[in-house]
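# Descriptive structure summary
The residues making up each chain are set out below.
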Amino acid sequence: MTTLLSVDGLDLSYTRAGRTTRAVRDVSFEVAAGEVLAVVGESGSGKSSLAKCIVGLAQPDRGAIELAGAPLGRRRRSKEERRRVQMVFQDPRSALDPRMTVFSLIDEGWRTHRSIAPTDRRAAAGALLESVGLDPLLLDRRPSQISGGQAQRVSIARALAVEPELLVCDEAVSALDVSVQTQVLALLAEIRTRLKLTMVFITHDLGVVRRIADRVAVMYLGEIVEIGPVDEVFAAPEQEYTRTLLSAALDLATDWN
Ligand SMILES: Nc1ncnc2c1ncn2[C@@H]1O[C@H](COP(=O)(O)OP(=O)(O)OP(=O)(O)O)[C@@H](O)[C@H]1O
Ligand SMILES: [Mg+2]
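Scope of this entry: the structure provided in the associated data block.

Procedures and definitions
- Residues numbered from 1 in each chain as written.
- Chains lettered and ligands numbered in written order.
- Predicted model: local features only at pLDDT ≥ 70, side-chain atom pairs only at ≥ 80, totals over all residues.
- Heavy atoms only, no water.
- Pairing = 2+ DSSP bridges.
- Helix = DSSP H or I, 4+ residues; strand = E, 2+ residues; numbered from the N terminus.
- Salt bridge = Lys/Arg side-chain N within 4 Å of Asp/Glu carboxyl O.
- Buried < 20%, exposed > 50% of the residue type's maximum accessible area, 1.4 Å probe, protein only.
- Expected span 1.5 Å × (residues − 1).
- Arc of directions from axis to C-beta.
- Contact = heavy atoms within 4.5 Å.
- Axes fitted to C-alpha atoms, helices over the stretch in contact; angles between N-to-C directions.
- Patch = residues over 30% accessible without salt bridge, like charges linked within 9 Å, V, L, I, M, F, W, Y side chains within 5 Å.
- Areas by Shrake-Rupley, 256 points an atom, 1.4 Å probe, with all protein chains shown as cover.
- Lys, Arg positive; Asp, Glu negative; His and termini not counted.
- Charge placed at Lys NZ, Arg CZ, Asp CG, Glu CD.

What follows concerns the sheet that holds strand β2 (residues 19–32). The sheet built from four strands is open, its strands ordered β2-β1-β4-β5 with antiparallel pairing. The open sheet has two edge strands with one neighbour each: β2 and β5 (70–71). Across 10 bridges, strand β1 (residues 3–16) lies against β2 in antiparallel orientation. Bridge assignment links Leu-5 to a residue of β2, and that residue is Val-31.

Here it is, written out as structure tokens:
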């Protein structure tokens, strides 16, 4: 098993109005090539902050991030480094520029990375849309002219266009209604197998963890308090906090059923 992502001793603090929040505290973990690691934890536990450090949208105060054995820039990342790690956000509508068409959104990465000849891009974008279950006819629409589920598929297509090695999904299915959520999860699972993609999958939904992840990391107040195979952690959580999280999820499930 080769390690694709390695995070070592990561710290990230925010200072606002004289107050400092330690959002990520001494976080270390590895993700193997082709593996899906879920990250769970209550609101404010630092999941998105960790995701932002991994994709280079936030600069950690300390620590190292390596991809396939090579360090990723802590301050500014090169174009190539940015290409290798892509992110899918919770709300596709705020992540997609409303003025751009679906084609130009997908084409943006190709323009930056010059990976596909200009004359081939329209056909390639159509094929990519088909691979995420969308009709190529949507290429000329804008984000406001497609549904939320379609927009999330476009976000996924856009991330995949530049052939990343690591996909970081931050609550990528949380805003979708249940039936669309199931379809998008199935799509991600299929993509993962087809492209041998490695994923860090942030979610507050433990049912989603079961469906998509191999291992799960539990965050609490900026720290990873527990990490291991999903079955093991769910069957026999070692930490009190993980037990609380699991029983809260169970209560919710019984309340609603
Ligand atoms: N830009 C920011 N400036 C100041 N504080 C921030 C900023 N972003 C996050 N925080 C704080 O850092 C901590 C971790 O936030 P983060 O968004 O990483 O949590 P999260 O686990 O993703 O939560 P959620 O499940 O609600 O998305 C919180 O205390 C939050 O208030
Ligand atoms: Mg978050």
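Okay, back to it.
Two strands pair when backbone bridges link them, and strand β9 (residues 215–220) and strand β10 (residues 223–229) are joined in this way by six bridges, in the antiparallel orientation. Pairing of Val-218 across the sheet is with Glu-226, part of β10. Taking the residues between adjacent antiparallel strands as the criterion, β9 and β10 are bridged by two residues, where Leu-221 takes a positive phi near 45°.

Within the structure shown, the criterion is met by 14 salt bridges. For Arg-83, the salt bridge goes to Glu-80, with nearest N and O atoms at 2.8 Å. With Arg-83 and Glu-80 both in helix α2 (residues 79–84), this residue pair falls three residues apart, about one helical turn. Owing to a relative accessible area of 16%, Arg-83 belongs among the buried residues under this scheme. Residue Glu-80 is classed as partly exposed on the basis of its relative accessible area of 41%. Glu-108 serves as the salt-bridge partner of Arg-158, at 2.3 Å between the closest nitrogen and oxygen. Remark: Glu-108 occurs in helix α4 (residues 102–113) and Arg-158 occurs in helix α6 (residues 148–161); sequence separation between them is 50 residues. The network of salt bridges with common partners includes Asp-11, Arg-22 and Arg-62.

Let us now look at helix α7 (residues 178–195). Taking 1.5 Å of rise per residue, 18 residues should cover 26 Å, and α7 covers 25 Å from first to last C-alpha, within 8% of that figure. Three or more residues of α7 are buried, namely Val-180, Gln-181, Val-184, Leu-185, Leu-187, Leu-188, Ile-191 and Arg-192. Each buried residue of α7 lies within a common arc of 160° when the element is viewed along its axis, so the set occupies one face. α7 presents Val-178 and Thr-193 as exposed residues on the side facing more than 90 degrees away from its buried surface. Structurally, α7 contributes buried residues whose contacts are with β3 (36–40), α5 (121–131), α6, β7 (166–170), β8 (198–202) and α8 (206–212). Just downstream of α7 lies Lys-196, where phi reads positive at about 50°.

Within the open sheet, the six strands sit side by side as β6-β7-β8-β3-β9-β10. Their pairing is mixed. Of all the strands in the sheet, the pair left with one neighbour each is β6 (85–88) and β10. If you compare each strand with its neighbour and ignore which way they point, the axes differ by 20° on average. Lying over the sheet, α7 contacts β3, β7 and β8, oriented at roughly 155° with respect to β8.

The next thing to look at is a positive patch on the surface. Taken together, Arg-76, Lys-79, Arg-82 and Arg-114 make up a surface patch of like positive charges. If you trace the backbone, Arg-82 turns up in helix α2. Owing to a relative accessible area of 44%, Arg-82 belongs among the partly exposed residues under this scheme.

Honestly, that's just the spatial picture; any functional story needs more than this.
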